[in-house]
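Single-letter residue listing:
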Amino acid sequence: MIELHYWTTPNGHKITIFLEEIGLPYKIVPVNINKGEQFKREFLAFSPNNRIPAIVDDEPADGGRPLTLFESGAILLYLADKTGRFIPKDLRGRTETIQWLFWQMANLGPMAGQNNHFNNYAVEKLPYAMDRYRNEVNRLYGVLDRQLADRTFIAGDYSIADMASYPWIVPHERQGQKLEDFPNLKRWFEAVRARPAVVHAYEKAKEINPNPPGIRTAEERAILFGQTAASVRAATR
Ligand SMILES: N[C@@H](CCC(=O)N[C@@H](CS)C(=O)NCC(=O)O)C(=O)O
């Protein structure tokens, strides 16, 4: 059984989508990042970056002790290899899928995160930062749109590359983007959104956290946006 340490954010959704797709039982352990639960000692023991998602696999393929893993891209790759699903077996298909998975992890995720921060959360409105990240996300949506011009899914067949990117296209309005400007991306987005596993993953998120992302309270802002090395030291002391 996979135990998923999760909160209802794009990086969390990637893993519930995968687990819903394979249809095996899994257990969700909510980590409410708005309340600072990512700093709990037990969580930091296997997720030292104080971020969700993380997993514990109590039946790893080597038959050894439970395997723990953080970083959503690493988790998707691990689960794909473990189950033999959603990653091609041939060299070129596998490599292309990993390429686009890493692209999401290094580009779309971090830039969309900063875009969200400066455009939706920052109290001080900084036009340079707001434009910089909105434009960068616009460029990245454009890269995906071009990639999808001559294929149904990002790396050929539906794969972990799609599961990684999809949750970052869901909040396209909050990202200041118009899907109409990206017809191939829009077609792909609608195809992924209609998958029953994706529907179930987002339903599960609503059960766990009925509050949509919106205004952060002062307390939440202090937890999420006031972190330094001292926060990690204090939590692990
Ligand atoms: N690169 C990491 C990023 C994970 C991440 O940023 N998670 C956010 C939620 S989407 C989080 O846990 N934030 C908690 C915090 O900021 O303290 C991954 O993909 O797993």
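Residues numbered from 1 in each chain as written. Predicted model: local features only at pLDDT ≥ 70, side-chain atom pairs only at ≥ 80, totals over all residues. Heavy atoms only, no water.

Peer 1: Quick one: what's the story with the overall build of the chain, residue by residue and with numbers?
Peer 2: Looking only at helices and strands, the chain has 10 helices and 4 strands in total. When its helices and strands are written in sequence order, the chain yields β-α-β-α-β-β-α-α-α-α-α-α-α-α. The C-alpha atoms of the chain give 18 Å as radius of gyration, which agrees with the globular expectation for 237 residues (18 Å, within 12%). With respect to the three principal axes, the spread of C-alpha positions in the chain is 50 × 50 × 30 Å. Buried residues in the chain amount to 48% of all 237 residues. Residue pairs in contact within the chain that sit at least 24 positions apart in sequence constitute 67% of those at least 6 positions apart. (Helix = DSSP H or I, 4+ residues; strand = E, 2+ residues; numbered from the N terminus. Rg over C-alpha atoms; globule rule 2.2 N^0.38 Å. Buried < 20%, exposed > 50% of the residue type's maximum accessible area, 1.4 Å probe, protein only. Contact = heavy atoms within 4.5 Å.)

Peer 1: So, the packing of helix H3 (residues 72–83) against helix H6 (residues 160–169): which residues are in play, and what are the values?
Peer 2: Two elements in contact, H3 and H6, have axes separated by 10 Å at closest approach and are oriented at 150°. Taken together, the axis directions place H3 and H6 in an arrangement best described as roughly antiparallel. Between H3 and H6 lies a crossing whose hand is right-handed. Counted together, Leu-76, Leu-77 and Ala-80 of H3 and Ile-160, Met-163 and Ala-164 of H6 form the full contact between these two elements. For the contact of H3 with H6, the residue count by class is 6 nonpolar, no polar and no charged. (Axes fitted to C-alpha atoms, helices over the stretch in contact; angles between N-to-C directions. Parallel < 35°, antiparallel > 145°, perpendicular 65-115°, else oblique. Left-handed = near helix turned anticlockwise from the far one by under 90°. Nonpolar A, V, L, I, M, F, W, Y, C, P; charged D, E, K, R; others polar.)

Peer 1: Hey, could you go over the pattern of salt bridges for me, with residue numbers and the actual values?
Peer 2: Following the criterion strictly, the structure yields 10 salt bridges and no others. Here Lys-27 makes a salt bridge to Glu-3, at a shortest N to O gap of 3.8 Å. Note that Lys-27 is positioned in strand E2 (residues 26–30) and Glu-3 in strand E1 (residues 2–6), a separation of 24 residues in sequence. The exposure class assigned to Lys-27 is partly exposed, which follows from its relative accessible area of 44%. Across the pair Glu-190 and Lys-186 runs a salt bridge, and its minimum N-O distance is 3.1 Å. In this pair, Glu-190 and Lys-186 are both assigned in helix H7 (residues 183–193), 4 residues apart and thus about one turn of the helix distant. Each member of the salt-bridge network shares a partner with another, and the members are Glu-96, Asp-150 and Arg-151. (Salt bridge = Lys/Arg side-chain N within 4 Å of Asp/Glu carboxyl O.)

Peer 1: Let's hear about the site of the ligand: which residues, and what values?
Peer 2: Neighbouring the ligand are 13 residues; Gln-38, Ile-52, Glu-71, Ser-72 and Gln-227 lie closest to it. For the ligand, an oxygen atom lies 3.5 Å from a polar atom in the side chain of Asn-11. For the ligand, an oxygen atom lies 2.7 Å from a polar atom in the side chain of Gln-38. When the ligand sits alone it has 520 Å² of accessible area, and the protein chains cover 82% of it. Its residues assigned to classes, the shell around the ligand comprises 5 nonpolar, 6 polar and 2 charged. (Near = heavy atom within 4 Å. Polar contact = N/O pair within 3.5 Å; in protein donor to acceptor, adjacent residues only side chain to side chain. Areas by Shrake-Rupley, 256 points an atom, 1.4 Å probe, with all protein chains shown as cover.)

Peer 1: An account of unusual backbone geometry is needed here, citing residue identities and associated values.
Peer 2: The peptide bond linking Ile-52 to Pro-53 adopts the cis configuration, its omega dihedral lying at 0°. Topologically, Pro-53 is positioned in the loop between helix H2 (41–44) and strand E3 (54–57). Located in the positive-phi region is Asn-50, a residue other than glycine, with phi close to 45°. For Asn-50, the location among the structural elements is in the loop between H2 and E3. For Asn-50, a relative accessible area of 5% puts it in the buried group. One non-glycine residue, Glu-71, lies in the positive phi region at around 80°. Along the chain, Glu-71 falls in the loop between strand E4 (67–70) and H3. Here Glu-71 falls in the partly exposed class, since its relative accessible area comes to 38%.

Peer 1: For helix H1 (residues 10–22), give the residues involved together with the corresponding values.
Peer 2: Its 13 residues place the ends of H1 19 Å apart at the C-alpha level, agreeing with the 18 Å of an ideal helix rising 1.5 Å per residue. Once H1 ends, the next one or two residues include Gly-23, with phi positive near 70°. (Expected span 1.5 Å × (residues − 1).)

Peer 1: Tell me about the side chain of Ser-231, and please be specific about residues and values.
Peer 2: Its place among the elements puts Ser-231 in helix H10 (residues 229–236). Among the polar contacts made by the side chain of Ser-231, one reaches the main-chain amide nitrogen of Thr-228 at a distance of 2.9 Å.

Peer 1: Please give an account of the sheet that holds E2 that cites residues and values.
Peer 2: Strand order in the open sheet formed by 4 strands is E2-E1-E3-E4, with mixed pairing between adjacent strands. Among the strands making up the open sheet, the edge pair consists of E2 and E4. If you compare each strand with its neighbour and ignore which way they point, the axes differ by 20° on average. Across the sheet, H1 is in contact with E1, E2 and E3; its angle to E1 comes to roughly 155°. Relative to the sheet, H3 contacts E1, E3 and E4, its axis offset from that of E4 by approximately 135°. (Pairing = 2+ DSSP bridges.)

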